[in-house]
Structure formats: C-alpha cells, structure tokens
Amino acid sequence: MDDRFNTAAGWVLGAAIVALGASIVSGMYFHADSAEHPEEAGYFIEGAAEEGGADEGPDLGTLLASADAAAGEKVFAKCTACHTIDQGGANGIGPNLYGVMGASIGAHAAGFAYSSALSEKGGDWTWEAMDEWLTSPRAFASGTKMSFAGLSKPEDRANVMEFMSTYGGAPAKPEPAPAETEEVSEDFPGDGLGPVEGAEAGAAELAAGMSADQPVATANAATNTDGATKVDE
C-alpha cells in the first residue's frame, strides 16, 4: 500500500515539476510578464487636413483664363453616356446640356424630369456653381439623381466648362485673383543708405558748441629759428 502511495505521489510531484517548468519556459518565450514594445513601431495615419490648411491651388478665375476647350472635350467624353450637348439634342438619362451655362439650375432642358433636390436648388449655372456641381454633384444638391462622383482635378473642371461654354454661350468669367505683392518694410525703404536725418543739424550744433579757447592747429604756424615748428596758442 505504501509503495503504491509513494509511486502515485512521485508521479504527481513529477507532473507538477514538469508543468511548472513548462510555464516558466513559455513565459520566457512569449514575454508574458514583460510589456515590451514591438521592435518596429507602426506608422501614424494622419487624418484629413483641417479646412483651409492645404494649398488650394489657383483660383477659379485663373484656371478659366487658361482653360482649354479641346482638352475639356476629351474629359466631357465621360458625360456622353448620359448627356447630349448639341443644339436640339434629345434628353437622355440626363438632360441635354446645350446652353446650360448661365441658365437656371434644374430648369434649362424642357421636358426633362429633374430631381426636386436640383429643381429646388435655385439660382443659375454660374461658373462657380457649375464648378461646385462638377466637383461633387451630391454635395452640391443632396438627393440628386445624378450618380456621377465628380471631377477631382480643378483643371479638368475648368476645361469642361470652357468646352460647354462653346455650346450656347456662358456668362462672364470671374476675374483672376490679383497677384500677391511683397510688402516693403518702412524700416528698410531701400537697399542703399541715404542721408541720415538730422545729421547736418547735429554737425552744426557740434561745431557751435566748441569753445573758442580750445587750442586749434592753424595753417599759419610760426617757425623757430632752430627749424622747429611752433603751434600758435
């Protein structure tokens, strides 16, 4: 009986020692008790830039001043699946776009069923409004039936509008923003050094303040008989 007990106790003790050893080894391998940082830290994904923080590029007037109708025609090819632009062209999935520039928003194509989101928008298709629409139709008129995501490049939008303006005209373009000029500091009006203000007056006061009794070397110096020059006092 004692031998069996001792054998069982030995097995239990051995199993406990094996379990303890396995626990120590696994802890050392997986650093279970050490809150270590990974060898190579991940990178931080920056969020969207705050409004106005980024460089927005040239203003609309500047872009339109150099817009290219031929380049706009190539971009407009994306629109031809839904729109026609020739005078008298039929409405398709979208309205005919002849003469749309400057026309009333959501009302220029007769017989086309505009969405209420667009027909109730109000206003006219100015260059600015069309630029917003081409950037993101859904952002311009939430609920619009137009599924086109928009043109992300300002140059593409300017070129498309320039192309559209050749079909039925357009209102006057916005003026380019004036170029910024560097301000010249009043403390440094020029590169050269001009006369110092009050310098002449200061020199005159200095001359007037000199004592008449102060010894001054004269041009008529007396000469001693031994050849030495004597300064008049």
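Residues numbered from 1 in each chain as written. Predicted model: local features only at pLDDT ≥ 70, side-chain atom pairs only at ≥ 80, totals over all residues. Heavy atoms only, no water.

Trainee: Would you mind showing me how to read the overall build of the chain here?
Mentor: The secondary structure content of the chain amounts to eight helices and two strands. Along its sequence from the N terminus, the chain presents helices and strands in the succession α-α-α-α-α-α-α-α-β-β. Residues classed as buried in the chain amount to 20% of the 233 residues present. Counted over contacts in the chain with a minimum sequence separation of 6, partners at least 24 positions apart contribute 48%. Within the structure as shown, the chain displays about 17,800 Å² of accessible surface, and the carbon and sulfur contribution to it stands at 55%. (Helix = DSSP H or I, 4+ residues; strand = E, 2+ residues; numbered from the N terminus. Buried < 20%, exposed > 50% of the residue type's maximum accessible area, 1.4 Å probe, protein only. Contact = heavy atoms within 4.5 Å. Areas by Shrake-Rupley, 256 points an atom, 1.4 Å probe, with all protein chains shown as cover.)

Trainee: Can you walk me through the pattern of salt bridges in this structure?
Mentor: When charged atoms on two side chains of opposite charge get close, those side chains can pair. A full pass over the atoms with the stated rule returns two salt bridges. A salt bridge links arginine 157 to aspartate 131, with the nearest nitrogen and oxygen atoms 2.8 Å apart. Taken together, the residues span a long stretch of sequence, with arginine 157 in helix α7 (residues 154–165) and aspartate 131 in helix α5 (residues 127–135) at a distance of 26 residues. In this pair, the class of arginine 157 matches that of aspartate 131, namely buried. One salt bridge in this structure joins lysine 173 and glutamate 162, with 2.7 Å as the shortest N-O distance. Taken as a pair, lysine 173 in the loop between α7 and α8 (199–208) and glutamate 162 in helix α7 lie far apart in primary sequence, eleven residues in all. (Salt bridge = Lys/Arg side-chain N within 4 Å of Asp/Glu carboxyl O.)

Trainee: I'm lost on the packing of helix α3 (residues 69–76) against α7 in this one. Help?
Mentor: To describe two helices that pack against each other, one gives the angle between their axes and the distance between the axes. Look at α3 against α7: their axes get within 7 Å of each other, and the N-to-C directions meet at 100 degrees. The angle between the axes of α3 and α7 places the two elements in the roughly perpendicular class. Across from Ala69, Ala71, Gly72, Glu73, Val75 and Phe76 in α3, the residues of α7 making contact are Asp156, Asn159, Val160, Glu162, Phe163 and Met164. (Axes fitted to C-alpha atoms, helices over the stretch in contact; angles between N-to-C directions. Parallel < 35°, antiparallel > 145°, perpendicular 65-115°, else oblique.)

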